[in-house]
Amino acid sequence: MLEAEVKSILRRQMFLQRKTMSLEVVTAGSRTICKQLLSWPVFQQAKTVMGYLAMPGEPYLDDLLIHAIEAGKTVCVPLMGSVYGVMESAAITDLNEVVAGRLGVRMPDPSRARILDPSLIDLVLTPGVAFDDSGNRLGMGAGYYDRFLIRAPQALRAGISWSRQLVSEVPWAEHDILMQWVVTEDRIINCDKRLVWTQQ
Ligand SMILES: Nc1nc2c(c(=O)[nH]1)N(C=O)[C@@H](CNc1ccc(C(=O)N[C@@H](CCC(=O)O)C(=O)O)cc1)CN2
Ligand SMILES: Nc1ncnc2c1ncn2[C@@H]1O[C@H](COP(=O)(O)OP(=O)(O)OP(=O)(O)O)[C@@H](O)[C@H]1O
């Protein structure tokens, strides 16, 4: 079976699993994940953080992003344009300004959005449908993050995942970009033991 087919079967299965989580479980789990991130030195030291605006079933980072903006960090989120699979990061200063976007994802108001150069990002909090502890990530299947992350090679990459979305092995392809950490409600997995966070 082709890697793309294996991915697509796993994606459907894990996406359905995520979709059936109750709002209570999602809310409580999101709070725990945000707490983990707040006490994580890598997050604390990042000055420019790319987060995401959660879709139903994903860990919600809204409270964390608000907190980060108030703490003086530069916060940006994906801004999908008209080309499928291609996105930019847009700085956001007020979560009340987000609008309903494409593909069921909230996004910053494009008429006011300030595109941020990917080379300025310190840390990308990356959503996904499944992860493994080597840092492989399975996304929504459009390649948005793989195409974006190669433009931000300096950024540290953390997958944000429910622990139930961890699998023994995510099928991978050449273009896939590895996560260096996966943050769940239970733990923060260091996918690359050689990687040490050094303060700049
Ligand atoms: N919160 C969040 N933002 C993100 C991503 C993500 O995974 N999570 N993305 C990660 O790449 C990009 C958006 N990628 C997407 C790719 C495909 C579909 C999609 O197929 N949506 C279906 C509806 C799915 C459903 O709810 O059943 C559709 O609109 O038909 C959605 C987002 C950028 N922003
Ligand atoms: N850097 C890239 N250059 C060209 N094509 C790419 C690149 N990254 C991904 N693709 C293509 O995009 C499609 C989706 O890729 P993949 O299954 O890895 O997406 P995903 O990581 O699950 O999605 P997303 O990032 O949107 O959540 C594939 O056909 C893949 O070949």
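Residues numbered from 1 in each chain as written. Chains lettered and ligands numbered in written order. Predicted model: local features only at pLDDT ≥ 70, side-chain atom pairs only at ≥ 80, totals over all residues. Heavy atoms only, no water.

Asks: Hey, could you run me through a nonpolar patch on the surface in this one?
Replies: A grouping of Met1, Val6 and Ile9 is seen on the molecular surface, where their side chains present a nonpolar patch of about 300 Å² in accessible area. Looking at where Ile9 falls in the secondary structure, it is placed in helix α1 (residues 3–19). (Patch = residues over 30% accessible without salt bridge, like charges linked within 9 Å, V, L, I, M, F, W, Y side chains within 5 Å. Areas by Shrake-Rupley, 256 points an atom, 1.4 Å probe, with all protein chains shown as cover. Salt bridge = Lys/Arg side-chain N within 4 Å of Asp/Glu carboxyl O. Helix = DSSP H or I, 4+ residues; strand = E, 2+ residues; numbered from the N terminus.)

Asks: Is there a simple way to think about the site of ligand 1 in this case?
Replies: Surveying the vicinity of ligand 1 reveals 17 residues, the closest of which are Phe15, Leu53, Glu58, Val105 and Met140. Take Leu53: an N or O atom from its main chain is 2.7 Å from a nitrogen atom of ligand 1. Protein burial of ligand 1: of its 690 Å² of free accessible surface, 75% is covered by the chains. Of all the secondary structure elements, the ones that give two or more residues to the shell around ligand 1 are α1, β2 (74–80) and α5 (144–149). By residue class, the composition of the shell around ligand 1 is 14 nonpolar, no polar and three charged. (Near = heavy atom within 4 Å. Polar contact = N/O pair within 3.5 Å; in protein donor to acceptor, adjacent residues only side chain to side chain. Nonpolar A, V, L, I, M, F, W, Y, C, P; charged D, E, K, R; others polar.)

Asks: Explanation requested: the UniProt feature "binding site: substrate" (unreviewed entry) in the protein chain in the structure shown.
Replies: Taking the numbering used here, the UniProt-annotated feature "binding site: substrate" (unreviewed entry) corresponds to Leu53 and Glu58. Mapped onto the fold, Leu53 is located in the loop between β1 (48–50) and α4 (62–70). By relative accessible area, Leu53 is classed as buried at 4%. If we skip the residues at most four places from it in the chain, Leu53 touches Glu58, Val77, Leu95, Val98, Val105, Arg106, Met107 and Pro108. Within the secondary structure, Glu58 sits in the loop between β1 and α4. Among all residues touching Glu58, those that are not within four sequence positions of it are Arg18, Val26, Ser30, Tyr52, Leu53, Pro127 and Trp162. Polar contacts involving the side chain of Glu58 include one to the main-chain amide nitrogen of Met55, which spans 2.8 Å. (UniProt positions renumbered as here; feature names shortened; annotations may be inferred. Buried < 20%, exposed > 50% of the residue type's maximum accessible area, 1.4 Å probe, protein only. Contact = heavy atoms within 4.5 Å.)

Asks: Is there a simple way to explain the side chain of Asp176 in this structure?
Replies: Note on placement: Asp176 falls in the loop between β10 (156–160) and β11 (181–183). Since its relative accessible area comes to 16%, Asp176 is described here as buried. At a separation of 2.9 Å, a polar atom in the side chain of Asp176 contacts the side chain of Lys7. Within the structure, the side chain of Asp176 is placed 2.8 Å from the backbone nitrogen of Ala173, a separation counted as a polar contact. Each residue touching Asp176, except ones within four places of it in the same chain, is listed here: Lys7, Asp146 and Pro171.

Asks: I tried to follow the sheet that holds β11 on my own but got confused; where do I start?
Replies: The strands making up a sheet associate through hydrogen bonds between their backbones, and the pairing can be parallel or antiparallel. Read across the open sheet, the eight strands follow the order β6-β3-β2-β1-β7-β10-β11-β12; overall the sheet is mixed. Sheet topology places β6 (114–116) and β12 (188–190) at the edges, where each strand pairs with a single neighbour. Within the sheet, the average angular offset between the axes of one strand and its neighbour, ignoring direction, is 30°. Judged from the five bridges that link them, β2 and strand β3 (residues 87–91) form a sheet pairing that is antiparallel. Bridged to Met80 within β3 is Met87. Packed on one face of the sheet, helix α2 (residues 23–38) meets β7 (123–126), β10, β11 and β12 and runs near 135° to β11. (Pairing = 2+ DSSP bridges. Axes fitted to C-alpha atoms, helices over the stretch in contact; angles between N-to-C directions.)

Asks: How should the pattern of salt bridges be read in this particular structure?
Replies: Side chains bearing opposite charge may pair, as long as their charged atoms lie close to each other. For the structure on display, the rule yields seven salt bridges. With a shortest N-O distance of 3.5 Å, Lys7 and Glu3 are connected by a salt bridge. You can see Lys7 and its partner Glu3 sitting in helix α1, four residues apart, about one turn around the helix. With a relative accessible area of 8%, Lys7 lands in the buried category. Asp176 serves as the salt-bridge partner of Lys7, at 2.9 Å between the closest nitrogen and oxygen. Of this pair, Lys7 sits in helix α1 while Asp176 sits in the loop between β10 and β11; the two residues are 169 residues apart in sequence, bridging distant segments of the chain. Take Lys7 and Asp176: they sit in the same class, and that class is buried. Ionic contacts of the salt-bridge type, sharing partners, join the residues Glu3, Lys7 and Asp176 into one network.

Asks: When you look at the packing of aromatic side chains in this model, what are you seeing that I'm missing?
Replies: Describing an aromatic ring pair means giving the distance of the ring centres and the angle of the ring planes. The final tally for this structure, using the stated rule, is two aromatic pairs. Between Trp40 and Trp181, the ring centres sit 5.1 Å apart and the planes meet at 85°, which makes this aromatic pair edge-to-face. One end of the pair, Trp40, is in the loop between α2 and α3 (41–45); the other, Trp181, is in strand β11, and 141 residues separate them in sequence. Of the two residues, Trp40 and Trp181, both sit in the buried class. Taken together, a centroid distance of 5.9 Å and an interplanar angle of 70° make the contact between Tyr84 and Tyr144 edge-to-face. One end of the pair, Tyr84, is in the loop between β2 and β3; the other, Tyr144, is in helix α5, and 60 residues separate them in sequence. (Phe/Tyr/Trp six-rings, centres within 6.5 Å; stacked < 30°, edge-to-face > 60°.)

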